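As a plain string of letters, each chain reads:
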Amino acid sequence: MKILVTGGAGFIGSAVVRAAVAQGHSVVNLDALTYAACLDNVASVADNPLYAFEQADIRDRAALDRIFAAHKPDTVMHLAAESHVDRSIDGPGDFIETNITGTYQMLEAARAYWEGADKPEAFRFHHISTDEVFGSLGETGQFTEETPYDPRSPYSASKAASDHLVRAWHETYGLPIVMSNCSNNYGPFHFPEKLIPVVIIKALAGEPLPIYGDGSNVRDWLYVEDHADALLCVLTRGENGRSYNIGGENERSNLELVTTLCAILDRLRPGAAPYADQITYVTDRPGHDARYAIDPQRIANELGWRPSVTVEEGLEKTVQWYLDNEDWWRALQNRAGVGERLGTGK
Ligand SMILES: NC(=O)c1ccc[n+]([C@@H]2O[C@H](COP(=O)([O-])OP(=O)(O)OC[C@H]3O[C@@H](n4cnc5c(N)ncnc54)[C@H](O)[C@@H]3O)[C@@H](O)[C@H]2O)c1
């Protein structure tokens with residue numbers, strides 16, 4: 001297949017690009033190269049004849065039309081988005097524009113292209129979304145595909161809006177779509193403003209390891225390469241019009257997660273004192289969702305997909321990757337906002 005991937009210079013998009021090329025698909029990577037992008041993430045496929053790159057903004061309809069016409073993709077995987085909750089608290093405008101207006105422009109460009117090509121049955125618009133659209137859980141329960149939407153941050157509200165647009169374009173115009181809502185990803189090439197890389201980098205620098213609130217917020221963690229594999233599975237085997245929740249079956253509180261990372265670092269790069277001594281509690285994120293958890297039955301039963309690594313295995317691989325790829329993360333540390341406390345609501 002020829003797949004148009006948006007956001008392919010970001011964290012998850014680049015994992016999708018690398019996995020798709022490894023599976024023999026042609027990939028056109030469409031990315032605006034915002035602060036969160038890094039073309040080094042796709043350096044391993046840059047010279048592969050199956051790979052092409054287009055710098056474009058998903059809000060730019062003329063650019064989208066040109067790219068669809070030039071590359072004639074069989075299918076679309078839409079990942080481009082503003083993705084950092086803390087940044088959405090400080091500046092929601094970019095999230096509204098890229099995640100909502102940008103998805104609208106993508107849908108319209110995809111629809112015009114699909115209709116112009118006589119509505120090929122195999123075409124899919126795969127919209128990649130988050131479990132955060134479902135809101136916050138108490139101590140029990142899991143999100144299913146039928147859980148009502150209840151987003152609570154500007155980021156999750158903008159993603160929820162984009163999900164609704166995708167559903168509407170399917171119901172109203174018949175555009176073939178699949179959707180997926182996934183839990184927290186981690187792994188290689190994770191931008192150094194998100195919790196796991198922040199903890200690894202600050203630990204190595206001997207700096208305080210910031211835990212929001214009391215550290216009791218629970219997330220389900222999925223290794224990014226498992227997510228990329230799941231996305232290609234949904235794209236190729238998912239049913240037209242259906243959505244799939246994707247999870248790692250690995251729930252951890254933030255404090256447990258950071259403690260595990262410290263223990264791995266103690267083994268792989270022992271310091272003078274245990275890294276956990278650097279843990280510091282900081283003011284909580286406003287509206288911080290208490291718990292997310294995914295019921296993975298649909299994707300497991302209908303598509304036969306399960307995550308391949310446990311969180312302990314994935315975190316060990318991730319820590320080792322950051323130890324081995326210091327040049328990659330050091331180069332990103334001077335990007336605006338990286339290393340600063342964002343999203344306090346002040
Ligand atoms: N990170 C997670 O844990 C997670 C979990 C579930 C779902 N998701 C979703 O997966 C997708 C990818 O997430 P990520 O963590 O890889 O994000 P990311 O921030 O690492 O990457 C986003 C990419 O999109 C590009 N982009 C942003 N605005 C653009 C625009 N207007 N036009 C074109 N390109 C633009 C950026 O340049 C960047 O390369 C997002 O849609 C996100 O909502 C993320």
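Residues numbered from 1 in each chain as written. Predicted model: local features only at pLDDT ≥ 70, side-chain atom pairs only at ≥ 80, totals over all residues. Heavy atoms only, no water.

Draft legend 1. Summary view of empty space enclosed by the protein. One pass over the full model with this rule turns up 1 cavity of 30 Å³ or more. Roughly 40 Å³ of internal volume is contained in the largest cavity. Every residue lining the largest cavity is listed: Val85, Glu132, Ser153, Arg219, Arg285, Gly287, His288, Asp289 and Tyr292. (1 Å grid on protein atoms, 1.4 Å probe; cavity = no way out; pocket = protein on both sides within 12 Å on 5 of 7 lines; lining within 4 Å. Points joined across faces, edges and corners; volume = space filled by probe spheres on them.)

Draft legend 2. Structural detail: the pattern of salt bridges. Tallying each qualifying case throughout the model produces 19 salt bridges. The closest approach of N and O atoms between Glu326 and Arg330, which form a salt bridge, is 2.9 Å. Linking Glu326 with Arg330, this pair stays in helix H11 (residues 326-332), spanning 4 residues, or about one helical turn. A relative accessible area of 30% means that Glu326 is categorised as partly exposed. Judged by its relative accessible area of 46%, Arg330 is partly exposed. Here the salt bridges do not stand alone but share partners, grouping Asp57, Arg59 and Glu97 into one network. (Salt bridge = Lys/Arg side-chain N within 4 Å of Asp/Glu carboxyl O. Helix = DSSP H or I, 4+ residues; strand = E, 2+ residues; numbered from the N terminus. Buried < 20%, exposed > 50% of the residue type's maximum accessible area, 1.4 Å probe, protein only.)

Draft legend 3. Seen up close, the site of the ligand. Taken together, 30 residues sit near the ligand, with Ile12, Asp31, Ser83, Tyr155 and Lys159 positioned nearest. At 3.1 Å from a nitrogen atom of the ligand is found a main-chain nitrogen or oxygen belonging to Ala32. For the ligand, a nitrogen atom lies 3.0 Å from a polar atom in the side chain of Thr98. Considered on its own, the ligand offers 830 Å² of accessible surface; in the complex 96% of this is hidden by protein. Put simply, the parts of the chain that give the shell around the ligand at least two residues each are helix H1 (11-22), strand S5 (125-130), helix H5 (154-173) and strand S7 (184-186). (Near = heavy atom within 4 Å. Polar contact = N/O pair within 3.5 Å; in protein donor to acceptor, adjacent residues only side chain to side chain. Areas by Shrake-Rupley, 256 points an atom, 1.4 Å probe, with all protein chains shown as cover.)

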